Amino acid sequence: MIKFSQEHLQTIRTHAESTYPDECCGIILGYLANEGKSVVEVMPTENAWNTEAAAEFPGERTTESKRRQYTIAPEVMLKTQKQARDRSLNIIGIFHSHPDHPAIPSECDRLYAWQGYSYIIVTVQNGKAGELKSWSLDDTHQFQVEAIENII
């Protein structure tokens, strides 16, 4: 389970709408506990997908654009990891949007996902954010729906 405030969820939706028709992305910081993950901060980031980024991902996805692909620049991930550690927080997840597609992970999403993270996907239909789901990898590297709890 992952626990979000309404404000955090709205930040994700707003970022997704602002980048439409491209995919948005961002980093989720918080705490890991026995009862689940608690979100402290949602950090929208730039979708750094470009030809150079595509070269890092072998296979058929190299020609895809930001409309169907996202990546967070490695230097942004590293800087965020250091800042989180300084604040006694963890990166607990990544979020991104699926413009005009369901909030269901793609095969590419699965291939490049990291165990232990929550992957929040929000669908954006015609510029308006809709369904938002959380996914996490199981022991066989398959995505399973993860419960989202709204906190005040």
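The protein carries the name M67 family metallopeptidase in an unreviewed UniProt entry, which gives Nostoc flagelliforme FACHB-838 as its organism.

Right, let's get into the packing of aromatic side chains. Following the criterion strictly, the structure yields three aromatic pairs and no others. Note on Y117 and Y119: the rings are 6.3 Å apart at their centroids and 40 degrees apart in plane angle, and the pair reads as tilted. Taking the relative accessible area as the measure of exposure, Y119 reaches 6% and is therefore buried. Judged by centre distance (5.7 Å) and plane angle (75 degrees), the rings of Y119 and F143 are edge-to-face. Residue Y119 is located in strand β5 (residues 118–125), and its partner F143 is located in strand β7 (residues 143–146); the two are separated by 24 residues in the primary sequence.

It is worth spelling out the nonpolar core at this point. In this structure, I27, L29, M77, I94 and Y119 are the most contacted members of the largest nonpolar core, which totals 19 residues. Elements represented by at least two residues in this core include exactly β2 (25–33), α3 (74–86), β4 (90–99), β5 and β6 (128–137). The greatest single-element share of this core, amounting to three residues, is contributed by β2. The residues contacting M77, other than those within four sequence positions of it, are I27, I72, I91, I94, W114 and Y117. In terms of nonpolar packing, the next biggest core, distinct from the first, is built from 16 residues, L9, I12, A16 and L132 among them.

Below, the discussion takes up the sheet that holds strand β3 (residues 36–45). Strand order in the open sheet formed by eight strands is β7-β6-β5-β4-β2-β3-β1-β8, with mixed pairing between adjacent strands. Every other strand in the sheet has two partners, leaving β7 and β8 (148–151) as the edge strands with one partner each. Taking the axes of each pair of neighbouring strands and ignoring which way they run, one obtains an average angle of 35 degrees across the sheet. Where β2 and β4 come together, six bridges link them in antiparallel fashion. Bridged to I27 within β4 is I94.

How each quantity is defined
- Residues numbered from 1 in each chain as written.
- Predicted model: local features only at pLDDT ≥ 70, side-chain atom pairs only at ≥ 80, totals over all residues.
- Heavy atoms only, no water.
- Phe/Tyr/Trp six-rings, centres within 6.5 Å; stacked < 30°, edge-to-face > 60°.
- Buried < 20%, exposed > 50% of the residue type's maximum accessible area, 1.4 Å probe, protein only.
- Helix = DSSP H or I, 4+ residues; strand = E, 2+ residues; numbered from the N terminus.
- Core = buried A, V, L, I, M, F, W, Y, C linked by side-chain atoms within 4.5 Å.
- Contact = heavy atoms within 4.5 Å.
- Pairing = 2+ DSSP bridges.
- Axes fitted to C-alpha atoms, helices over the stretch in contact; angles between N-to-C directions.

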